[in-house]
Amino acid sequence: MSPLTILRIEKLKTFGNVAGSDDHVLRNRETPNADPTRKNVRLIGGEDSRSLEEIVKEKISTLKHLPRKDAVLCTEMFLSASPEYFRPDNPSLSGQWSDSLMQQWAIASRDWLAQNYGSKCVRAELHLDESTPHIHAYIVPLNDKTGRVSHDAMFGGRGGQGRIKLSKLQDSYAAALAPLGIERGVKGSKATHTKVKEYYQAVNSEPLTAVWSNKKLEPEPFESATNYVARIQNDHQFHVLNHQLADRAFMQERLESAEQRARASEKERQRLEEIVRSLELKTQQLRDLELSDVAWELGLDYERERWRGHGHIINIDGPKFYDFAPDQQKGSGGAIDLVMHVNNCNFRQAVVWLHERFGEAGVERAAIAHVKNRAADIIQTEPRTPFQLPVEEKSKWSSVSNYLTQKRGIPENFVELLHKRGLVYADDQQNAVFVMRNLGEEPQAIGAFLRGTRGENNTFKGYEKGTVRREGWFHFRLGGQPTEPVEKVVLLKSPIDAVSFAMLEYQLRGDVPPNKTLYMAVDNPKSLPVEQLQNIPNLQVAFDSDDSGNAAARVVKELLPQSKRIKCKASDWNQQLLDYGQQQQQQQQQQQQQDDELSL
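This paragraph deals with the pattern of salt bridges. Under the criterion given, the structure shown has 17 salt bridges. Of the charged contacts in the structure, one is a salt bridge between Arg38 and Asp35, with a shortest N-O distance of 4.0 Å. Salt-bridge contacts for Asp171 lead to Arg184; the nearest nitrogen and oxygen are separated by 2.5 Å. With Asp171 in helix H6 (residues 160–177) and Arg184 in the loop between H6 and helix H7 (196–203), this pair connects stretches of sequence that are 13 residues apart. Given a relative accessible area of 24%, Asp171 falls into the partly exposed group.

Dropping the structure here:
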């Protein structure tokens, strides 16, 4: 079994917690599992004789903001490796190890702490008086940008992003120890995030044992437990191995269990971690630069809860700022506006300035936020121009009506019904104007579809400017009672197809549908009102039978699984209506001939 890295962290939220941890590490209080004959070594902070509490207080006093009541004042980090590394020949010999291996691990760990945390790591203590060498490091989680202490910003809090930061922390430490042959534990293992306190609690369940020349020291016959313990503690030739910190059996049992759980869910964990990383990156890209960081780069100093300098007295509240200086008295929001205000420069100059200080990624974030702010202002202040239907030209209606009845085969009485309802009329160019409405209780006109009717073979069709295609459709209802809900919806490609399909159903049935039916023109699944249609039990998709219509029907099926595909026999439903009309006319002529022959 390859040796594994061990890294645990503990939050110290009060100075009492800091002092208590310091007393334990410095052995100022009785520690039963520690061997008093062995000395521990200070790896970092040896030049400072003050208590850990005093050092942490001094660090925090330099911050711009006092810590919140629930803030983490100091983070304790426990570093070690599994026993296989320190005693490769016999990991079970607790309290013994190779000095050369121990020193290589200690130096690598000290260098990793210094490289990652610098002066924020105020102390690191190497413990050699327990069963396995380990390090207690203390890090004050200072956030230089915000001027606060923030454990979550450095090590991660709860949730997906916190787990990612802890995972990256484990990766980093494992990479530092990789040259020594020490590997990282399985990613996703719950053991990787065990706290220092919990780790000690688990270890404390181990029994008291002692060894002498690799042999267990057994109690004498009829010897009491009290005398047995006293005899061990009074004899310095024995190594007291109480609690078996990082014992092989302890590590193996828990690692095997954790690895089994981790392997079972590793793929899912990786997928979720990738989602969180992607969302984290997108969120970061959309978030503006911290205005306090920008103010600092602008040369302002934070005094009495204001950023001061260059004649400015600026208060920053999240993404907004206000200048209280007598000759300013104005505010705005965003990093770019702040630079323009303080530097008295234009937009282009502000962008260049931010690029020099925050790089390409930083200036892109500021630019995105700037555009979002401007867009929000425009949305709130710019007046809306309501949609205007094309002006009706009543003198053209007879020509449009003839087109719909004669060339398109739509019954005259139904064309007039649609006209009276205001769903179709003629404009000044003799276009048939099909009014597009939303699906509210009282549908409002928010668009229009135009179909050319003038001249021979007129192929013009299109939408009136200003039409809201995602929220408006040409639609009408037939059958059922006025107060009944819609039970059936038929989706068609165009208004003329919608009318043609409804008339085919009417002529075949000889009456309107028994249940309220909505006929609706949807030329593209992009404009499909999924929410309004998802609870309709009978949904028919009657798009054209060509490749385009079939592809659109498949998209609708994915969005609305209850939908059913209906195909026409002709090129489209209007042509099928025309064909049906011709068949009916032929049958009537044949019937008339038969009647005439009988009368003779």
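There's more to say after this.
Right, let's talk about the nonpolar core for a bit. Across soluble globular proteins, nonpolar side chains have a tendency to be buried as a group. Judged by nonpolar contacts, the single largest core of 34 residues is most densely connected at Leu404, Ile410, Phe414, Phe434, Phe476, Val499 and Met503. Here this core gets seven residues from one element, more than from any other, and that element is helix H15 (residues 495–509). Discounting chain neighbours no more than four positions away, the residues touching Ile410 are Leu404, Thr405, Val415, Val499, Met503 and Leu577. Among the nonpolar cores identified, the runner-up in size contains 29 residues, and Met77, Trp105, Ala108 and Ala124 belong to it.

When the terminal C-alpha atoms of helix H4 (residues 99–117) are compared, their 27 Å separation across 19 residues agrees well with the 27 Å that a helix rising 1.5 Å per residue should span. Of all the residues in H4, the buried ones are Met102, Trp105, Ala106, Ala108, Ser109, Trp112, Leu113 and Tyr117. The buried side chains of H4 occupy one side of the element, clustering within an arc of 165° when seen end-on. After H4 finishes, the residue Gly118 shows a positive phi value of roughly 55°.

Right, let's talk about the sheet that holds strand E24 (residues 563–565) for a bit. By way of backbone hydrogen bonds, the strands of a sheet pair with one another, either parallel or antiparallel. Pairing is mixed in the open sheet, where five strands are placed in the order E20-E22-E21-E23-E24. This sheet does not close on itself; its edge strands, each paired only once, are strand E20 (475–478) and E24. Here the average twist between neighbouring strands, direction ignored, is 20°. Two elements, E20 and strand E22 (residues 517–521), share four bridges in a ladder whose sense is antiparallel. What sits directly across from Phe476, in E22, is Tyr519.

Now for the sheet that holds strand E18 (residues 445–452). Spatial strand order, E16-E17-E18-E19: four strands in an open sheet with antiparallel pairing. The strands lining the two open edges of the sheet, one partner per strand, are strand E16 (424–426) and strand E19 (461–463). Across the sheet, the mean angle from the axis of one strand to that of its neighbour is 25°, orientation sign disregarded. Here strand E17 (residues 431–437) runs beside E18; their pairing, made up of seven bridges, is antiparallel. The residue bridging Phe434 from the neighbouring strand is Phe449, located in E18. Along the sheet, helix H13 (residues 397–407) makes contact with E16, E17 and E18, crossing E16 at roughly 125°.

Here we take up the side chain of Asp337. One can find Asp337 in helix H11 (residues 335–343). Judged by relative accessible area, Asp337 falls into the buried class, the value being 8%. Excluding residues that lie within four positions of it along the chain, Asp337 makes contacts with Phe321, Ser332, His370 and Arg374.

Among the residues making up helix H14 (residues 412–420), those that are buried are Phe414, Val415, Leu418 and His419. Summarising the axial view, the buried residues of H14 lie within an arc of 145°, below the 170-degree limit, and thus occupy one face. Away from the buried face of H14 by more than 90 degrees, exposed residues Glu412, Asn413 and Lys420 are located. Buried residues belonging to H14 abut H13, E16, E20 and H15. Once H14 ends, the next one or two residues include Gly422, with phi positive near 80°.

Calculation rules
- Residues numbered from 1 in each chain as written.
- Predicted model: local features only at pLDDT ≥ 70, side-chain atom pairs only at ≥ 80, totals over all residues.
- Heavy atoms only, no water.
- Salt bridge = Lys/Arg side-chain N within 4 Å of Asp/Glu carboxyl O.
- Helix = DSSP H or I, 4+ residues; strand = E, 2+ residues; numbered from the N terminus.
- Buried < 20%, exposed > 50% of the residue type's maximum accessible area, 1.4 Å probe, protein only.
- Core = buried A, V, L, I, M, F, W, Y, C linked by side-chain atoms within 4.5 Å.
- Contact = heavy atoms within 4.5 Å.
- Expected span 1.5 Å × (residues − 1).
- Arc of directions from axis to C-beta.
- Pairing = 2+ DSSP bridges.
- Axes fitted to C-alpha atoms, helices over the stretch in contact; angles between N-to-C directions.

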